[in-house]
Amino acid sequence: METSRLVLSGPAPTARDAAALCARLARLYADGARAVECDVRAVTAPGLGAVEVLARLRLAAGGRPFRVTGAAPPLRLLLDLVGLVELLGEPEEREPPRGVQEGVEPDDPAL
């Protein structure tokens, strides 16, 4: 699977940047990318504009694989607060990682 990179410039992308970034993302998929990693290391002063950009990129990706990498703690916190932590490719708090099944003991009561 070919993974391409999309790099967000910093320190704080705004909603005005979203249209151009979505167009770049569409070109990456059109050129054969099966998955896109969005590198956000340069985003050092994130705000709701950065969250909006990432949300719009996720929508533009449709059902295709899209993941955010290099997020600093402030951006991670914002994504968690608005319910977009799944963009980081990590399980949400209190959720088991994908592929892990809880064990059932023989004497557990049925629900």
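Here, every reference points to the structure presented above.
Residues numbered from 1 in each chain as written. Predicted model: local features only at pLDDT ≥ 70, side-chain atom pairs only at ≥ 80, totals over all residues. Heavy atoms only, no water.

**Section: the pattern of salt bridges**
No. 1: Here the structure, examined in full by the defined rule, presents four salt bridges.
No. 2: Among the salt bridges present, the one from Asp39 reaches Arg41, with a minimum N-O distance of 3.2 Å.
No. 3: Between Glu52 and Arg56 there is a salt bridge, and its shortest N-O distance comes to 3.8 Å. Placement of both Glu52 and Arg56 in helix α2 (residues 48-61) is noted, with a separation of four residues, approximately one turn of the helix. (Salt bridge = Lys/Arg side-chain N within 4 Å of Asp/Glu carboxyl O. Helix = DSSP H or I, 4+ residues; strand = E, 2+ residues; numbered from the N terminus.)

**Notes on unusual backbone geometry**
No. 1: In the segment running from Gly10 into Pro11, the intervening peptide bond is cis, with an omega of 5°.
No. 2: Along the polypeptide, Pro11 turns up in the loop between β1 (3-7) and α1 (18-30).

**Focus: α2**
Helical periodicity: at 3.6 residues per turn, an α-helix aligns residues three or four positions apart in one direction.
No. 1: Taking 1.5 Å per residue, 14 residues should reach 20 Å; α2 reaches 20 Å between its end C-alpha atoms and fits that length.
No. 2: Looking at α2, one finds that the buried residues are Ala50, Val51, Val53, Leu54, Leu57 and Ala61. Summarising the axial view, the buried residues of α2 lie within an arc of 160°, below the 170-degree limit, and thus occupy one face. Opposite its buried face, α2 presents the exposed residues Leu48 and Leu59, each directed more than 90 degrees away.
No. 3: Looking at the buried residues of α2, the elements they touch are β1, α1, β2 (35-39), β3 (66-69) and α3 (73-81). (Expected span 1.5 Å × (residues − 1). Buried < 20%, exposed > 50% of the residue type's maximum accessible area, 1.4 Å probe, protein only. Arc of directions from axis to C-beta. Contact = heavy atoms within 4.5 Å.)

**Some points on the pairing of β2**
No. 1: Burial within β2 is extensive, with four of its five residues counted as buried.
No. 2: The pairing of β1 with β2 spans five bridges and is parallel. Looking at β2, one finds that Thr3 is bridged to Ala35.
No. 3: In terms of handedness, the path from β1 via α1 over to β2 forms a crossover that is right-handed.
No. 4: Summarising the sheet, β2 and β3 pair through four bridges and their orientation is parallel. Within β3, the position partnered with Cys38 by the bridge is Val68. (Pairing = 2+ DSSP bridges. Right-handed = clockwise from strand over helix to strand, strands pointing away.)

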